[in-house]
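Descriptive structure summary
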Amino acid sequence: METWVHEQYGVRAERLERRGRHTVVWRQQERFLLVPADGRSEAEMEERQQMSRYLRAKGVTGVGELVKTKAGTYLAVYEGQPMALVRAPLPAVRFRSLGRELAVMHEYGRSCPLPIVACRRIGQWRELWAKRIDQMEAFWTNMVANGPASPFDRLLIESFPYYLGLAENAVQYVADTELDEEPLRVDYAAFCHERLPQAGWIEGTEAKLPTDWVYDHCARDLAEWVRHLYRQRGLGCQRAVRQFFQDYGHVSPLSPFAWRLVYARLLFPLSYFECVEAYYTAADGDERARREKELRHLLDGSHEHERFLASFAEIAGIAERVRLPAVEWLPPV
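Residue positions are given per chain, counted from 1 along the sequence in the order it is written. With the structure being a predicted model, the display of local features is reserved for residues of pLDDT at least 70 and the display and counting of side-chain atom pairs for 80 or more, all residues being used for whole-chain, interface and lining totals. Side-chain metrics in this entry use all non-hydrogen atoms of the structure; hydrogen atoms and water are not considered.

The protein is annotated in an unreviewed UniProt entry as Spore coat protein YutH from Geobacillus uzenensis.

1. A look at the nonpolar core
For the record, the criterion: Nonpolar cores were defined as sets of buried Ala, Val, Leu, Ile, Met, Phe, Trp, Tyr and Cys residues, with membership established by side-chain atoms within 4.5 Å. The classification of residues rests on relative accessible area computed with a 1.4 Å probe and restricted to protein chains. Under 20% of the type maximum is buried, over 50% is exposed, and intermediate values are partly exposed. Helix numbering and strand numbering both begin at the N terminus, where a helix is a DSSP run of H or I of at least 4 residues and a strand a DSSP run of E of at least 2. The criterion used for residue contact is that any of the two residues' heavy atoms lie within 4.5 Å.
Of all hydrophobic cores here, the largest spans 71 residues; its most connected members are Phe245, Tyr272 and Phe312. The element best represented in this core is helix H5 (residues 151–180), accounting for 13 residues. Beyond its immediate stretch of four places on either side in the chain, Phe245 contacts Leu222, Val226, Leu254, Trp259, Val262, Phe312 and Ala316.

2. Looking at unusual backbone geometry
You will see that Gln28, though not glycine, has its phi angle at about 50 degrees, which is positive. Here Gln28 lies in the loop between strand S2 (22–27) and strand S3 (30–36). In this model, Glu79 sits at a positive phi of 50 degrees, which is unusual for a non-glycine residue. On the secondary structure map, Glu79 appears in the loop between strand S5 (75–78) and strand S6 (81–87). Given a relative accessible area of 71%, Glu79 falls into the exposed group.

3. Structural notes on the environment of Pro148
For Pro148, the position within the fold is in the loop between helix H4 (125–146) and H5. Taking the relative accessible area as the measure of exposure, Pro148 reaches 38% and is therefore partly exposed. C-alpha separation for the pair Pro148 and Tyr162, spaced 14 residues apart in sequence, amounts to 18 Å.

4. Considering the pattern of salt bridges
In plain terms, the rule: Whenever Lys or Arg places a side-chain nitrogen within 4 Å of a carboxyl oxygen from Asp or Glu, that contact is recorded as a salt bridge.
Applying the stated criterion across every chain, the model contains 27 salt bridges. Between Arg265 and Glu224 there is a salt bridge, and its shortest N-O distance comes to 2.7 Å. Residue Arg265 is found in helix H8 (residues 256–267), and its partner Glu224 is found in helix H6 (residues 219–233); the two are separated by 41 residues along the sequence. The exposure class of Arg265 is buried, given its relative accessible area of 5%. Exposure remark for Glu224: the relative accessible area of 3% places this residue in the buried category. Each member of the salt-bridge network shares a partner with another, and the members are Arg27, Glu30, Arg56, Glu65 and Arg87.

As structure tokens, then:
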């Protein structure tokens with residue numbers, strides 16, 4: 001790999017370290033990360049580099065910078081895998097709470113004058129979710145016709161109608177929000193993360209990596225962090241969720257529109273979809289076994305998850321001031 005890095009990027013690696021899905025490349029005192037870039041386009045990478053430059057110009061610390069290849073591209077293929085190289089400062093200790101730090105990053109993104117098109121996801125949730133629903137429904141229909149070939153197949157056949165209904169509720173919730181509420185400035189597109197809980201800077205284990213970013217409504221990051229807290233702590237997440245939203249709100253108070261988008265995203269059963277997709281794309285039996293265990297855990301916890309969704313306004317501490325339209329079939333709080 002050292003030879004490949006030098007051939008592609010002109011960086012002569014002194015040593016390499018494996019770190020999860022990333023490879024750390026050291027050159028004297030400089031630190032680079034080789035990051036898998038599946039599904040990324042050159043246009044997206046160019047925009048992420050612009051976001052990086054903008055944040056660094058604003059004085060945001062710990063922001064990585066994409067490195068171009070000798071050919072002038074941001075992406076290069078290593079053993080069939082598209083990769084990106086990021087010049088990454090050492091992970092820094094975070095002095096602000098996650099909520100405040102995230103709000104500052106979002107606020108800079110809302111103020112960014114750069115035209116961002118390829119990484120733009122704001123206003124596209126319904127379309128993207130509907131496409132994902134249609135793909136899995138077609139897969140499920142085919143499996144029902146052919147019969148299950150594994151225990152996981154059987155679990156999918158039995159559970160999908162429930163999660164289909166939940167996903168369709170999420171799509172409708174976004175549609176109703178766009179009809180009922182007026183967006184405010186906090187609802188402008190911001191620099192967000194594809195999956196905030198996977199961003200290493202949160203735990204202080206990595207720099208802020210441009211490869212993690214998209215341009216979307218802040219509700220994306222907020223909902224994904226709440227989903228993460230719920231997965232970690234179940235209904236015991238209330239204190240952490242409230243503190244997170246309070247910290248964020250000190251910098252950027254949320255609008256009713258934003259609160260409803262947070263809730264819509266929590267309604268969408270992302271964990272279920274990702275688990276199923278990961279099982280059927282797994283390269284080995286160990287990964288499939290892990291995903292089957294994960295699915296059983298999701299199904300076993302479905303009633304508790306319904307209680308979480310039904311009581312979200314109370315958990316978040318907004319029940320007295322923000323009206324979140326109820327989802328009729330959820331249990332009463």
